[in-house]
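Survey of secondary and tertiary structure
Take a look at the letters that make up each chain.
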Amino acid sequence: MTREEKAIVIEDLTAQLADNAIIYLADISGLDAVATSNLRRACFKANIKLAVVKNTLLAKAMEASDKEFGELPDVLKGNTSLMLSETGNAPAKLIKNFRKKSDKPLLKGAFIEEAVYVGDDNLEKLVNIKSKEEVIGDIIGLLQSPAKNVISGLKSGGGKLAGILKTLSEK
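Quantities reported herein were computed from a predicted structural model and do not represent experimental measurements.

Examining the overall build of the chain
A count of helical and extended segments in the chain gives seven helices and five strands. By the burial criterion, 36% of the 171 residues in the chain qualify as buried. For the chain, long-range pairs separated by at least 24 residues make up 74% of all intrachain contacts whose partners lie at least 6 apart in sequence. Carbon together with sulfur atoms contributes 55% to the accessible area of the chain, which is approximately 10,600 Å² in total.

What follows is the structure, given as structure tokens:
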């Protein structure tokens, strides 16, 4: 690979890092062709971009990026695959689900909305991170709950003024 080609790859990786707030680094070495194909298919279905990267080029792209990756460049040893997603916990869920059949992929580290996680022991924490959509759904559910209680209380009051006033005073 020539210097010009390396510069283009670094520039492309830097742009990808800048465009994504959810970045996972994993080790998929040791997977056979069938398992690798299944992993790529699962990533495609989950809307996760998977790419095997060269550690030195990714390290240079991280240096050139505006983001603070903390200890993440330190895990760039051995085989490294880059997983990019729009949902914070999607790659972690995919890795956990895939490891039911295999001991790989291993989580090397993750960068999620400016938070850095290093090591495979953080996989469960990352699985439990709620996406923006899940948080919004929880908030809407909490906001709707009191209104539903009042409406059901009003209906159980029989529609009479005394029953409605009693229900409202209890709420």
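Next, the rest of the story.
Examining the nonpolar core
Counting residues in each nonpolar core, the largest one holds 22 residues, and the members touching the most others are Tyr24, Leu39, Cys43, Met83 and Leu126. Elements supplying a minimum of two residues to this core: β1 (22–27), α2 (33–45), α4 (90–98), β4 (106–112) and α5 (123–127). Not counting the four nearest positions on each side in its chain, Met83 is found in contact with Ile22, Ile23, Tyr24, Ala26, Cys43, Ile48, Lys49, Leu50, Pro91, Leu94 and Ile95.

Notes on the side chain of Lys104
For Lys104, the location among the structural elements is in the loop between α4 and β4. For Lys104, the side chain forms a polar contact with the side chain of Asp27, separated by 3.4 Å. Leave out the neighbours within four places in its chain, and Lys104 touches Asp27, Ser29, Leu31, Phe98 and Arg99.

So, the pairing of β4
Buried residues dominate β4, accounting for six of its seven residues. Bridge count for β1 against β4 is six bridges, and the pairing is antiparallel. Its bridge partner being in β4, Ala26 is matched across the sheet by Leu107. As paired strands, β4 and strand β5 (residues 115–118) are joined by four bridges and run antiparallel to one another. Opposite Phe111, over in β5, you have Val116 as the bridge partner. Hairpin geometry of β4 and β5 is characterised by an intervening segment of two residues between the two adjacent antiparallel strands and by a positive phi of about 50 degrees at Glu113.

Things to note about helix α3 (residues 55–64)
Along α3, the residues classified as buried are Asn55, Leu57, Leu58, Ala59, Ala61 and Met62. Close packing links the buried residues of α3 with α1 (3–19), β1, β2 (49–53) and β3 (80–85).

Observations regarding the sheet that holds β2
Read from one edge to the other, the open sheet built from five strands follows the order β2-β3-β1-β4-β5, with strand pairing classed as antiparallel. Each of the sheet's edge strands pairs with one partner strand only, and the pair in question is β2 and β5. Neighbour-to-neighbour, the strand axes of this sheet turn through a mean angle of 20 degrees, independent of strand direction. Relative to β3, α4 is tilted by about 130 degrees, and along the sheet it contacts β1, β3 and β4.

Some details on the packing of aromatic side chains
For the coordinates displayed, the defined rule picks out one aromatic pair. With a centroid separation of 4.9 Å and 55 degrees between ring planes, the pair formed by Phe69 and Phe111 is classed as tilted. Separated by 42 residues along the polypeptide, Phe69 in the loop between α3 and β3 and Phe111 in strand β4 bring together distant segments of the chain. Of the two residues, Phe69 and Phe111, neither departs from the other in class, the shared state being buried.

About the thresholds
- Residues numbered from 1 in each chain as written.
- Predicted model: local features only at pLDDT ≥ 70, side-chain atom pairs only at ≥ 80, totals over all residues.
- Heavy atoms only, no water.
- Helix = DSSP H or I, 4+ residues; strand = E, 2+ residues; numbered from the N terminus.
- Buried < 20%, exposed > 50% of the residue type's maximum accessible area, 1.4 Å probe, protein only.
- Contact = heavy atoms within 4.5 Å.
- Areas by Shrake-Rupley, 256 points an atom, 1.4 Å probe, with all protein chains shown as cover.
- Core = buried A, V, L, I, M, F, W, Y, C linked by side-chain atoms within 4.5 Å.
- Polar contact = N/O pair within 3.5 Å; in protein donor to acceptor, adjacent residues only side chain to side chain.
- Pairing = 2+ DSSP bridges.
- Axes fitted to C-alpha atoms, helices over the stretch in contact; angles between N-to-C directions.
- Phe/Tyr/Trp six-rings, centres within 6.5 Å; stacked < 30°, edge-to-face > 60°.

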